[in-house]
Amino acid sequence: MMMTRGRRLLGKASLQRVLEIRQSSNVFSICYMRRLRCYPTSSLKSTRVFSSVAPPNGDDEDKQQQQQPRKLLDPPVITWVDDFLPSSIQPYARLARMDKPIGTWLLLWPCYWSTALAATESTLHLPDPTLLALFGAGAFIMRGAGCTINDLWDRNVDKHVERTSSRPLASGQVTIPQAIAFLGVQLTAGLGILLSLPHTWYCFQWGAASLPLVVAYPLMKRFFAYPQLVLGLTFNWGAFMGWAATYGSMDYSIILPLYGSGVTWTLVYDTIYAHQDKADDAKLGLHTTALSFGADDETQRKVLYALATATWLQWQLVGHYAELHSGLFSFGSAVGFGHLLWQINSADFNDPHNLSARFKSNSAVGAIMFATFVGGTYFA
């Protein structure tokens, strides 16, 4: 058995959990249950899982396939959702992307940044642990709610995009009424977290103000050439919430550049991520910055470098107006900026695995800047 990034690659003895081998008139199909795809072949030489779109065929078909590029698949994997949750609940967990925590982290980091910058003497100039816990729970719940809303809007589109075709709504594992009921539970839980924050009415106003963005974002790819901009406006709303929950007011000289840095950061990482779907998006007439920022890789990189630089410059404004420890903050923000440059420089816009790894690495950027804001505030 092999381990990778907290997920378990299935050994031969476990293949029955994700493979179904069927024989009909000497025609076999290997069905990857997680991806809901079937691959026909005229003969089957072993029970191995092949890393290409189709398993080995007869001699004539083998010669034809050798002349065509073979598309790699992810190996069959299972996550904690498969291991620990009842089968009746698993589709809802996947609808909320509970098996993919990177989205929760990316939503959470701006909340944590703001909370760190707002630290007061009562918490020894360290982030309030109660607020950190509440924001952690809120990010987990509301990221899931956002995914449910996204999939409700996109259920018919997702069927035609390879990466999203197995999502619960697109594949029929969850019905529309079931998803709406689940969304009601998610939003009720999110409201409970919101009403638990200090300065409740002020925080409620700020939290409620984000809902139009949450609902509208999935539609933007149909009408707006830069939907990742709307995603950035949505995902970084936590920059307002940490300060609001601490003071019941807003210092815009600090929070606006903090929010802006999150928006440009999101444009970098989600454009990299969006390159995985650009071919399908182009066929479906959907907009994405992976297409809007330029047709060639060099132009794409130039735009992303400019956005990364804008992110770093806005971090400098935050450090200046928040009067953070200059040496520590300069070092930390330089490390965060360097990480963004590495992502852009090393991204292969035609390799989904490369792109996914760089996208997920942005949790490290968030953590670097959180540590920078914590240290810069404490030692100021």
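Here the structure is a predicted model, which means the values were calculated and not measured.

### Observations regarding the packing of aromatic side chains
- Summed over all chains, the structure comprises 24 aromatic pairs.
- With a centroid separation of 5.9 Å and 65° between ring planes, the pair formed by Trp 113 and Phe 373 is classed as edge-to-face. In this pair, Trp 113 is assigned in helix H4 (residues 102-117) and Phe 373 in helix H18 (residues 362-378), connecting sequence segments 260 residues apart.
- On the basis of relative accessibility, which here comes to 0%, the residue Phe 373 falls in the buried class.
- Ring centres 4.2 Å apart and planes at 35° place the aromatic pair Tyr 273 and Phe 359 in the tilted group.

### Some points on the confidence of the model for the protein
- When pLDDT is averaged along the protein, the result is 85, and 80% of the positions lie at 70 or above.
- Overall, residues 1-58 carries pLDDT values under 50, and its contacts beyond four positions in sequence, including any with other chains, amount to 127 contacts.
- Here residues 60-73 is a poorly scored stretch, pLDDT under 50, and it has 20 contacts once near neighbours within four places are set aside; other chains count.

### Observations regarding the nonpolar core
- Trp 113, Phe 135, Leu 197 and Phe 373 are the most contacted members of the largest nonpolar core, which totals 64 residues.
- In this view, Phe 373 contacts Trp 113, Ala 116, Leu 117, Leu 258, Trp 315, Val 318, Leu 324 and Phe 329; residues no more than four positions away in its chain are not counted.
- Of all hydrophobic cores here, the second largest spans 11 residues; its members include Leu 95, Ala 145, Leu 152 and Leu 169.

### With respect to the side chain of His 275
- Along the chain, the position of His 275 falls in the loop between helix H12 (252-274) and helix H13 (278-284).
- Within the structure, His 275 has its side chain in polar contact with the side chain of Gln 300 (distance 2.9 Å).
- Those residues in contact with His 275 that sit more than four places away from it in its chain are Ala 290, Gln 300, Phe 349 and Leu 355.

Rules of the game
Residues numbered from 1 in each chain as written. Predicted model: local features only at pLDDT ≥ 70, side-chain atom pairs only at ≥ 80, totals over all residues. Heavy atoms only, no water. Phe/Tyr/Trp six-rings, centres within 6.5 Å; stacked < 30°, edge-to-face > 60°. Helix = DSSP H or I, 4+ residues; strand = E, 2+ residues; numbered from the N terminus. Buried < 20%, exposed > 50% of the residue type's maximum accessible area, 1.4 Å probe, protein only. pLDDT = per-residue confidence, 0-100. Contact = heavy atoms within 4.5 Å. Core = buried A, V, L, I, M, F, W, Y, C linked by side-chain atoms within 4.5 Å. Polar contact = N/O pair within 3.5 Å; in protein donor to acceptor, adjacent residues only side chain to side chain.

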